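Examining the three-dimensional arrangement
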Amino acid sequence: MNVLPTFDMMLFGGTGDLVRRKLLPALYRRHVAGQVNAESRVFGIARSALSREQYQEQSRKSCAEFLGQEFDERRWDAFSAQLFYLRIDADVSEDYRPLAAALQGREPLVRVFFYSTASNLFALISAQLAKSELITPNSRVVLEKPLGHDLASADEINQSIAAVFRERQVFRIDHYLGKETVQNLLALRFGNALFEPLWRRGRVRHVQITVAEELGVERRGQFYDQTGALRDMVQNHLLQLLCIMAMEPPASNDPDAVRDEKLKVLRSLRPIRGADVTTKSVRGQYKAGATNGAPVPAYLEEKDIPPNSTTETFVALKAEIDSWRWAGVPFYLRTGKRLQERLTELVVTFEDVPYSVFEAPPPSESANQLVIQLQPEESITLTILAKNPGEGMRLKPVNLNLDLGETFKVKVLDAYERLLMDIINGNLTLFMRRDELDAAWRWIDPIREGWLEFEDRPKLYTAGSWGPAASSSLLGRDGFAWHDEQ
Ligand code: BG6
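What this report covers is the structure whose coordinates are included nearby. For clarity, every value in this text was computed on a predicted model and none was experimentally measured. (Residues numbered from 1 in each chain as written. Predicted model: local features only at pLDDT ≥ 70, side-chain atom pairs only at ≥ 80, totals over all residues. Heavy atoms only, no water.)

Strand order across the open sheet formed by six strands is 3-2-1-4-5-6, with parallel pairing between neighbours. Each edge of the open sheet carries a strand with a single partner, namely strand 3 (83-87) and strand 6 (170-172). The sheet shows a mean angle of 20° between the axes of neighbouring strands, taken without regard to direction. Here strand 5 (residues 139-143) pairs with strand 6 via three bridges, running parallel. Bridging across to strand 6, V141 finds its partner in V170. (Pairing = 2+ DSSP bridges. Helix = DSSP H or I, 4+ residues; strand = E, 2+ residues; numbered from the N terminus. Axes fitted to C-alpha atoms, helices over the stretch in contact; angles between N-to-C directions.)

Spelled out as structure tokens, the structure:
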């Protein structure tokens, strides 16, 4: 792999969860891989009064925890020689002076301002950086999700960013786009002639996208309760997966060519508004249950959750795309916390044969399916019917299975590792453009408004199950079932 250009990376929210769990471990790994040259620097930035040594020690502990056996003290020492800490209170201009001093004389180098803070600070930090004249042509800004809480707030943030950065400098992150299998989906769709003729109405009966988590809200109760599954997961990760599944072949691999096609999908989504929410959406919240045999509390009993909260921890939706390719093909989306297992998968169910010449065919739901699993394992499985050995002509579904880990036998990069490298290299393909984000919120907002008007409480489901019963009925009404129920 190529050595990255020399960079200075400023991690705002430097003592937060994302930096500790993902960003520092990702940078450390790239350092170990020899991609970070000795002149590059990483600055943790936060409000706490910490010395550089204290920050290095804190970071060492978290990297050791999250990297496990991979962590090596000697290599850490080399990495941490490039790790610094600055105490900055976002709205205090003088606090930016030490940063300005640190960056002085390094103008042509890549500067990355990574905002891993609540999005209501983005405008403030940007304005302060501009005031201190720290934004150079070679600067990039990285915005973590969720960007705002609805279209209006996202628009306001984007405007404040646009006042000081050009769109080509703005990297709106959705870490699902950095996952290896998501890129494999692009390879599958646009690197093979085989699937393209089948990837459409008339051939595909329905598509399912499931992002199921075993975890609850962990230590993020306060954030989560104001956000909910629709805004935490559907507005970004699930819609991005849907875009990659449904988009037309882009004109090239160029960032805007790809993003133009994703935007078209988002704009073709049929709105779910008003009473539609009662037939096309299911909102759930977990009650006490068990994960892997161990009892877990209800959402309402979690830390920092108000006892009467109506925040949803589960969503299932029937999305419809009004386009020539997809008219009439439902895309069922589902995500939730405290579900039965951690599983992210995309399932394409193909149409049945028009007429069967064989005796007793198996249930058509399982005849031809393409299952793309992102988590916990990365695999692509195609189900076809084969003859059951023995007398007669009985058919049975069998799997053609590609285990990506087994096949390539190389360590897959964590999503953040790949995305951080793309940011430093200035490659925008896997990041969301402003108009994409707007289109996503434009589809999401009416669903929330519909819930407020027509469904005052989420349906309860037992922790450790697959969500409320209504989630099965959402597909059942159309004569289908979720993959795990087939
Ligand atoms: C984040 C959400 O964006 O994605 C979390 O805020 C969620 O609530 C996480 O747990 C899931 O990511 P992954 O990569 O573990 O599937």
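Our next topic: the sheet that holds strand 12 (residues 331-336). The strand order across the open sheet built from nine strands is 16-15-14-13-7-12-11-8-17, with neighbouring strands paired in mixed fashion. In the strand order of this sheet, the two ends are held by strand 16 (395-403) and strand 17 (459-462), each with one partner. Between one strand axis and the next, the sheet turns by 20° as a mean value, whatever way the strands run. The pairing of strand 8 (residues 281-287) with strand 17 spans four bridges and is parallel. Along strand 17, the bridge assignment pairs K287 with T462. Along the sheet, helix 7 (residues 180-190) makes contact with strand 13 (343-350), strand 14 (369-375) and strand 15 (379-387), crossing strand 14 at roughly 150°. Taken strand by strand, helix 14 (residues 469-476) contacts strand 7 (204-212), strand 8, strand 11 (314-319), strand 12 and strand 17, and its axis lies near 10° from that of strand 11. (Contact = heavy atoms within 4.5 Å.)

As a further point, take the site of the ligand. In the vicinity of the ligand, the contacting residues are K145, H175, Y176, K179, E213, R220, D232, M233, H237, K337, R342 and Q375. The contact in question runs from an oxygen atom of the ligand to an N or O atom on the side chain of D232, over 2.6 Å. Taking K337, its side chain carries an N or O atom lying 2.7 Å from an oxygen atom of the ligand. A per-element tally of the shell around the ligand places helix 8 (residues 221-246) first, with three residues. (Near = heavy atom within 4 Å. Polar contact = N/O pair within 3.5 Å; in protein donor to acceptor, adjacent residues only side chain to side chain.)

Below, the discussion takes up the packing of aromatic side chains. Inspection of the entire model under this criterion finds 18 aromatic pairs. Measuring from centroid to centroid gives 5.3 Å for W76 and F79, while their planes differ by 55°, and the two rings are tilted. One end of the pair is W76 and the other is F79, both in helix 3 (residues 73-80) and three residues apart, which spans about a single turn. Three or more aromatic residues joined by ring pairs form one cluster here, namely Y224, Y286, Y299, F314 and Y461. Across the ring face of F84, the terminal group of R41 is positioned such that the distance to the ring centre comes to 6.0 Å. (Phe/Tyr/Trp six-rings, centres within 6.5 Å; stacked < 30°, edge-to-face > 60°. Lys NZ or Arg CZ within 6 Å of the ring centre and 35° of its normal.)

Right, let's talk about helix 1 (residues 17-32) for a bit. Helix length check: helix 1, at 16 residues, gives a terminal C-alpha distance of 22 Å against a target of 22 Å (1.5 Å per residue), a fit within 8%. Of all bends in helix 1, the biggest is about 30°, found at L23, and the proline P25 comes one to four residues later. What helix 1 keeps buried is the set V19, L23, L24, P25, A26, L27, Y28, R29, R30 and H31. (Expected span 1.5 Å × (residues − 1). Bend = angle between axes of the 7 residues up to and from the residue. Buried < 20%, exposed > 50% of the residue type's maximum accessible area, 1.4 Å probe, protein only.)

Let's shift gears to the pattern of salt bridges. Counting across every chain of the model gives 36 salt bridges. E213 is paired through a salt bridge with K337; the nearest N and O atoms lie 2.9 Å apart. Of this pair, E213 sits in the loop between strand 7 and helix 8 while K337 sits in the loop between strand 12 and strand 13, placing them 124 residues apart in sequence. Across the pair D478 and K318 runs a salt bridge whose closest N-O atoms are separated by 3.0 Å. One end of the pair, D478, is in the segment after helix 14; the other, K318, is in strand 11, and 160 residues separate them in sequence. Residue class for D478 comes out partly exposed when judged on its relative accessible area of 30%. Overall, the relative accessible area of 16% leaves K318 in the buried class. If you follow the salt bridges from partner to partner, you end up with D256, R259, D260, R433 and D435 in one network. (Salt bridge = Lys/Arg side-chain N within 4 Å of Asp/Glu carboxyl O.)

Limitation: the analysis is restricted to geometry and does not speak to function.
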